[in-house]
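Tertiary structure, described
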Amino acid sequence: MNRKASTLLPVLVFLVAAAIRVHFAARCDAAPDYSDMELYNAAALEHGFPTSLPPGYPLFLRAIYGVFGERNYEAVFVAQGLISALTVLLIYRVTRRIGGTRAGVVAAAVAAVYPNLIVYNLTTMTDTFGVLFVMLLYCALVASIDDWKKSVWAAVILGVGFTFRPVLLFFGPGVLLSLRRRLAFMIAAVVVFVPLMAFEMTGGEDFKRAAAALYKTYGLSLDGRIYVDSTLTEVRREDLPSKTYLGAVWNAVKNNKGKVAQKIFNKATVLFEAGWDEFVMRPIVGSGKGIVFAMKYAYIPILALGFVGMARLYGAGNRMIALPALSYVLLVIVFSIFKYRYRLLIEPALIMYASMLVGRPHAPAAARGGAAPE
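Structural notes, computed from the coordinates. (Residues numbered from 1 in each chain as written. Predicted model: local features only at pLDDT ≥ 70, side-chain atom pairs only at ≥ 80, totals over all residues. Heavy atoms only, no water.)

1. Overview of the packing of helix 17 (residues 319-335) against helix 18 (residues 347-359)
The contact between helix 17 and helix 18 brings their axes to 10 Å, and the two run at 140°. Note on packing geometry: the crossing formed by helix 17 with helix 18 is left-handed. In contact with Arg319, Ile321, Ala322 and Ala325 of helix 17, helix 18 contributes Ala349, Met352 and Tyr353. Of the residues belonging to the contact of helix 17 with helix 18, the class tally is six nonpolar, no polar and one charged. (Axes fitted to C-alpha atoms, helices over the stretch in contact; angles between N-to-C directions. Helix = DSSP H or I, 4+ residues; strand = E, 2+ residues; numbered from the N terminus. Left-handed = near helix turned anticlockwise from the far one by under 90°. Contact = heavy atoms within 4.5 Å. Nonpolar A, V, L, I, M, F, W, Y, C, P; charged D, E, K, R; others polar.)

This is the structure:
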């Protein structure tokens, strides 16, 4: 009976999550043709290999449009909904592995209906894949495989994820700290990233975008929480060499330490406050009071319970979840803007720790010690 339940439960988790996401995908009539969403659409519809943006997601959109028709957004939303349902299944499996079946069921139930894990599938942005790669990374880190294989898989997943969302690299230091075979991870990372770096130096634009983004974080007229057209800032250009932006950042940091500290504080507050990416999401979710309330406040209980759970339950059996998430938060706050959308990559970890706290409130020692019983 237990064996049958252990087989049927993951299938049920996937089907429920998929049904919810496909339902919203089929009903969504918003056109994601503004903001960064249009940039990804344009890159997908261009000829040749995408270089203006990380190539992974434009190639995904190009494949969907090639099969279902140009700018067939419903097909994109449905495909991303199914990918997100797979992510919910991975959240269940990882949480069950580190916290037990009850915690896994709680995590799956929360993830299945959590607004941010649904609405971002209704965009043409990289968030669906960002969360997927985070969970694939966690799956590799908790897997019952040799430590060197675990290190290699972690490097490969980060490398592939980089082609969709470069900010996933900020998980790297936490991954390194959580592994036993750290040298194997570093060697694998070099093997994976050298070709990617060679491409970026010859044909890609990620380095230049990263330098410009860092400038937009610390430019004197900016607060570190929103992107602004560089033509409205001190450098007044969007197409300058990377060293120009980096030089402007260095001068701003060197000569305005108080303002830099204030910008970092401004970004850190985003982690702890209620809010949502209203500019991008309002045309998608509408103006109903219930959905707007959920979009703004659903994160707060996950934030509170997640960090309490992380503090109470942290240990050798789950540090591979906490350390990458914490390194991402720290590095993205220091080296990037930090807005509501950027919280999404740590929300699976918060859901898992919150679920372990709720699902196993009287067994913190077991959760700390190692993999929980199935």
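Read on for the rest.
2. Observations concerning the packing of aromatic side chains
By convention here, two paired aromatic rings are described through the distance between centres and the angle between planes. Applying the stated criterion to the full structure yields eleven aromatic pairs. Ring centres of tyrosine 34 and phenylalanine 279 lie 6.1 Å apart, and the angle between their planes is 85°; this geometry places the pair in the edge-to-face category. With tyrosine 34 in the loop between helix 1 (2-27) and helix 2 (35-45) and phenylalanine 279 in helix 14 (residues 278-285), the pair connects residues that are 245 residues apart, well separated along the chain. Relative to tyrosine 297, the ring of phenylalanine 293 has its centre 4.8 Å away and its plane inclined at 40°; by these criteria the two rings are tilted. Placement of both phenylalanine 293 and tyrosine 297 in helix 15 (residues 289-297) is noted, with a separation of four residues, approximately one turn of the helix. Owing to a relative accessible area of 54%, phenylalanine 293 belongs among the exposed residues under this scheme. Each residue in the set Tyr40, Tyr57, Phe60, Phe129, Phe133 and Phe164 is aromatic and connected to the rest through ring pairs, giving one cluster. Against the face of tyrosine 299 rests arginine 343, its NZ or CZ located 3.7 Å from the ring centre. (Phe/Tyr/Trp six-rings, centres within 6.5 Å; stacked < 30°, edge-to-face > 60°. Buried < 20%, exposed > 50% of the residue type's maximum accessible area, 1.4 Å probe, protein only. Lys NZ or Arg CZ within 6 Å of the ring centre and 35° of its normal.)

3. What to know about the environment of glutamate 347
Its location among the elements puts glutamate 347 in helix 18. Considered as a pair, glutamate 347 and alanine 111 are 236 residues apart in the sequence and their alpha carbons are 9.4 Å apart. Ignoring anything within four residues of it in the chain, the contact list for glutamate 347 reads Tyr114, Asn116, Tyr299 and Ile302.

4. Some details on unusual backbone geometry
With a phi close to 60°, serine 35 is a non-glycine residue in the positive phi region. Look at arginine 71: it is not a glycine, yet its phi comes out positive at around 55°. Turning to its location among the elements, arginine 71 is positioned in the loop between helix 3 (56-68) and helix 4 (73-99).

5. Side note on the side chain of asparagine 121
Along the chain, asparagine 121 falls in the loop between helix 6 (116-119) and helix 7 (127-142). One polar contact links asparagine 121 to serine 84, side chain to side chain, over a distance of 3.2 Å. Setting aside residues up to four positions removed in sequence, asparagine 121 forms contacts with Arg21, Phe77, Gln80, Gly81, Ser84 and Thr128. (Polar contact = N/O pair within 3.5 Å; in protein donor to acceptor, adjacent residues only side chain to side chain.)

6. Digging into the side chain of arginine 21
Locating arginine 21 in the fold gives a position in helix 1. An unpaired buried charge is present at arginine 21: no salt bridge exists, and glutamate 347, the closest side chain of opposite charge, is 10 Å distant. (Lys, Arg positive; Asp, Glu negative; His and termini not counted. Salt bridge = Lys/Arg side-chain N within 4 Å of Asp/Glu carboxyl O.)

7. Comments concerning the pattern of salt bridges
Under the definition given, this model contains five salt bridges. Here arginine 71 ties to glutamate 38 by a salt bridge, and the two come within 2.8 Å at their closest N and O atoms. Here glutamate 38 lies in helix 2 and arginine 71 lies in the loop between helix 3 and helix 4, a separation of 33 residues in the sequence. On the basis of relative accessibility, which here comes to 29%, the residue arginine 71 falls in the partly exposed class. A salt bridge links aspartate 127 to arginine 341, with the nearest nitrogen and oxygen atoms 2.9 Å apart. Placement of aspartate 127 in helix 7 and of arginine 341 in the loop between helix 17 and helix 18 is noted, with a sequence separation of 214 residues between them. You'll find aspartate 127 and arginine 341 in the same group, each marked buried. The network of salt bridges with shared partners includes Asp127, Arg165 and Arg341.

So far we have only geometry, and geometry alone does not tell us how the molecule works.
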